[in-house]
Amino acid sequence: MTAVRRAAPVLVATLLLLACAGRAGATGYRYWSFWERTGGHWTYATQGPASVRPDDGAVQGFRFTVGADAADAGRPRGTADFDTICADTPAKSGAKRVALVLDFGTPADAPSGETPPGGRTVCARVPSDASTADALAAVAGPLRYDTNALLCAIAGYPHKGCGEQVSTDHEPTTATATAEPDSSGSGSGPSLGLPIGAGVVALLAGAAIWQSRRRRDASG
């Protein structure tokens, strides 16, 4: 009985170390994520902006973010309504209108020495066969791409760097920023930190209850 009781704190300490280890050394990428508005929610685009040819009335977004994959990439924040964004851009024969939401991210996700501009929305009126990249170039230049055609900068931001790997050991911006729903109520990406922390708390609570019952049994 004594040996088992002594083992409980060791088990708890081990669980804590494992939980911390799960977060330590985490890495992600700093990049412009590309989103499409589908059914009132943001959906991570499965193609690059040069390949997508949106219809008239489409809403598409870009968010500068730090994340390991699509699951924890920050969604664009702010107004994402086509009628609002393109209210002053009338339809025109042979052209289409694409509403763009540009979210330059937060200071925590910015490259060293750079400050993200404020987010903006803009309506691009482009030829009917234009891609999202064409629409973006028409209203948010200068754009910067790397040799692999990865979008590196929108409206000149950031000034340098492109998809570089970074540590995400700090509180991830995606967890805090995407927790704030935009005005259209889009959801946020999952955060691994919360389930891990909740699991450790539950295990600690269970160990405390177990020890308390053992003490009562022994005294009885």
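What this report covers is the structure whose coordinates are included nearby. The model shown is predicted, which means the values in this text are computed figures rather than measured ones.

1. Quick word on the state of the cysteines
Now for step 1: Tallied over the entire structure, the rule returns 2 disulfides.
Now for step 2: The disulfide bridge from C86 ends at C123, spanning 2.0 Å between sulfur atoms. Handedness here is read from the sign of the S-S torsion; for C86 and C123, about 100 degrees, the answer is right-handed. Of this pair, C86 sits in the loop between α2 (82-85) and β4 (95-103) while C123 sits in strand β5 (residues 120-127), placing them 37 residues apart in sequence.

2. Describing the pattern of salt bridges
Now for step 1: As enumerated under the stated definition, the model contains 4 salt bridges in all.
Now for step 2: Linking R77 and D103 is a salt bridge whose minimum nitrogen-to-oxygen distance equals 2.7 Å. Here D103 lies in strand β4 and R77 lies in the loop between β3 (58-67) and α2, a separation of 26 residues in the sequence.
Now for step 3: Each member of the salt-bridge network shares a partner with another, and the members are R63, R77 and D103.

3. Focus on the pairing of β4
On a regular strand, one side chain projects to one face of the sheet and the next to the other, so that they alternate.
Now for step 1: With 8 of 9 residues buried, β4 is to be regarded as a mostly interior element.
Now for step 2: Sheet analysis places β3 next to β4, joined by 6 bridges and oriented parallel. Within β4, the position partnered with Q60 by the bridge is L100.
Now for step 3: The sheet contact formed by β4 and β5 spans 8 bridges and is antiparallel. When the bridges of β5 are listed, A95 appears paired with P127.

4. Here's the deal with the packing of aromatic side chains
Now for step 1: One pass over the structure, following the stated rule, counts 6 aromatic pairs.
Now for step 2: Relative to F62, the ring of F34 has its centre 4.8 Å away and its plane inclined at 15 degrees; by these criteria the two rings are stacked. Taken together, the residues span a long stretch of sequence, with F34 in strand β1 (residues 27-38) and F62 in strand β3 at a distance of 28 residues. No difference in accessibility class separates F34 from F62, as the two residues are buried.
Now for step 3: Relative to Y157, the ring of F64 lies with its centre 5.3 Å away and its plane at 70 degrees, an arrangement referred to as edge-to-face.

Rules used in this analysis
Residues numbered from 1 in each chain as written. Predicted model: local features only at pLDDT ≥ 70, side-chain atom pairs only at ≥ 80, totals over all residues. Heavy atoms only, no water. Disulfide = S-S within 2.5 Å. Helix = DSSP H or I, 4+ residues; strand = E, 2+ residues; numbered from the N terminus. Salt bridge = Lys/Arg side-chain N within 4 Å of Asp/Glu carboxyl O. Buried < 20%, exposed > 50% of the residue type's maximum accessible area, 1.4 Å probe, protein only. Pairing = 2+ DSSP bridges. Phe/Tyr/Trp six-rings, centres within 6.5 Å; stacked < 30°, edge-to-face > 60°.

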